[in-house]
Amino acid sequence: MENLALIAQVQSYTAIALGLIIGLGAIGACIGIGIMGAKFLEAAARQPELIPTLQGRMFLLAGLIDAAFLIGVALAMFFAFANPLLASFA
Amino acid sequence: MAAAAGPANSTEYITHHLTHFKVGEGFWTWHIDTIFMSVLLGLVTIGLFYAVARKATVGVPGKGQAFVEMIVEFIDTTVKEVFHLDRSFLAPLALTIFVWVFLMNAMDLLPLDVPGVIAGWFGIHYWRVVPTADANTTFAMSLTVLVVVIYFSLKAKGAGGYTHELFTAPFGAHPVLWIPNFFLNIVELLSKPVSLAMRLFGNMYAGELVFMLIALLGATWVGFTFSSSLGMLGQILMGAAWAIFHILIITLQAFIFMVLTVVYSAMATEHH
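These figures come from a predicted structure and were not determined experimentally.

Rules used throughout
- Residues numbered from 1 in each chain as written.
- Chains lettered and ligands numbered in written order.
- Predicted model: local features only at pLDDT ≥ 70, side-chain atom pairs only at ≥ 80, totals over all residues.
- Helix = DSSP H or I, 4+ residues; strand = E, 2+ residues; numbered from the N terminus.
- Rg over C-alpha atoms; globule rule 2.2 N^0.38 Å.
- Buried ≥ 20, exposed ≤ 12 C-beta atoms within 10 Å, placed from the backbone.
- Contact = placed C-beta atoms within 7 Å.
- Nonpolar A, V, L, I, M, F, W, Y, C, P; charged D, E, K, R; others polar.
- Axes fitted to C-alpha atoms, helices over the stretch in contact; angles between N-to-C directions.
- Parallel < 35°, antiparallel > 145°, perpendicular 65-115°, else oblique.
- Left-handed = near helix turned anticlockwise from the far one by under 90°.

S.K.: I would appreciate a short explanation of the overall build of chain A in the present structure.
M.R.: What chain A contains, in helices and strands, is two helices and zero strands. For 90 residues, the compact-globule estimate of 2.2 N^0.38 gives 12 Å, and the C-alpha radius of gyration of chain A, at 20 Å, exceeds that figure by more than 25%. Across its three principal directions, the C-alpha atoms of chain A cover 70 × 15 × 10 Å. For chain A, buried positions account for 13% of its 90 residues. When contacts within chain A are restricted to residue pairs at least 6 apart in sequence, those whose partners lie at least 24 apart make up 82%.

S.K.: Help me understand the overall build of chain B, please; the structure alone is not making it clear to me.
M.R.: Across its full length, chain B holds eight helices and two strands. Along chain B, helices (α) and strands (β) appear in the sequence α-β-β-α-α-α-α-α-α-α when read from the amino end. Taking the principal axes of its C-alpha atoms as reference, chain B extends roughly 75 × 60 × 35 Å. For chain B, with 272 residues in total, the buried portion stands at 30%.

S.K.: For this particular structure, what's the right way to read the interface of chain A and chain B?
M.R.: Across the contact, twelve residues belong to chain A and 16 residues belong to chain B. Across the side of chain A that touches chain B, the residue classes break down as eleven nonpolar, one polar and no charged.

S.K.: Sorry if this is basic, but what is going on with the packing of helix H3 (residues 63–82) of chain B against helix H4 (residues 90–106) of chain B here?
M.R.: In a pair of packed helices, the angle between the axes and the distance between the axes together describe the arrangement. All names here are of chain B. In the contact formed by H3 and H4, the axes pass within 9 Å of each other and the chain directions differ by 125 degrees. As judged from the angle between their axes, H3 and H4 are oblique. As for the relative orientation of H3 and H4, their crossing is right-handed in sense. Counting all contacts with H3, which are made through Ile71, Val72, Ile75, Asp76 and Val79, the residues of H4 involved are Leu90, Ala91, Ala94, Leu95, Phe98 and Val99.

Here it is in structure tokens:
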């Protein structure tokens with residue numbers, strides 16, 4: 001019975017952590033993508049002939065910005081379905 | 001997967017789909033599914049390009065030849081922009097990385113349970129079909145890239161020059177600064193493969209998991225009731241939307257892995 005309470009505690013803390021990981025990661029990635037997208041549109045409006053060059057780099061950077069967030073999501077999902085912190089109770 | 005007995009609940013379903021087909025114990029655990037799929041897709045890459053190259057003509061190119069030429073030229077231009085020395089080694093390497101990683105990532109777009117069912121015909125219960133959603137694959141590739149980077153450093157600067165640079169590069173040649181310089185250079189060198197591998201792995205793992213979560217919607221199917229139909233409709237719509245978005249991600253991640261390999265190699269050949 002005591003174990004059950006401890007497991008519930010670990011699970012609830014993990015749930016909070018998952019929300020923080022995904023939420024904060026999403027905030028960061030969205031701000032990053034937003035700034036980059038805005039700058040790209042600005043640059044494209046100023047010099048439309050540069051669009052092909054800039055577009056490739058924009059997608060490259062979008063992937064780089066997204067990566068840290070998606071690593072966070074993967075980690076969060078891993079903890080959601082196979083919580084290694086609960087292993088000591090098994 | 002789960003050919004004999006259906007999964008009891010959603011957690012079991014997802015954990016089942018995240019289990020590799022393993023042989024061996026501890027350090028010597030072999031993920032047979034990862035090895036099989038990556039080698040198979042490597043052979044597909046080689047075979048595809050070989051078949052097209054055999055039939056290549058200087059006349060009017062067929063569709064296959066035009067497609068392959070497009071990829072080769074795209075990679076060659078990208079490498080040329082970044083890497084200014086002789087690219088007879090790096091451009092083919094970049095091409096291989098791009099096409100191979102792309103194909104491995106593209107396994108994510110297969111219907112989630114199809115590979116498992118096919119594996120089930122051969123009596124295998126676990127089969128993860130995306131090799132790049134296994135950290136072993138991505139780290140193997142990125143450590144190979146590290147070897148390539150060190151090779152380019154040695155080739156451009158020589159063993160003495162490279163050692164000299166490792167100890168004197170960011171701060172200066174004063175003997176007091178040797179240890180901090182060396183430490184910083186090692187951290188910089190090692191952070192490259194780690195970030196390269198984690199980026200690809202994280203993207204593919206998260207993508208795979210989202211597909212599994214979407215698949216749970218339809219798994220509640222009990223018959224033509226309202227909620228079941230809603231779940232099935234949701235799975236079809238969300239699965240389609242995520243799959244379309246994922247086409248962008250898999251191409252982008254393959255491209256990023258390739259470009260960063262080239263960029264790291266180009267950085268390695270620069271003199272400080």
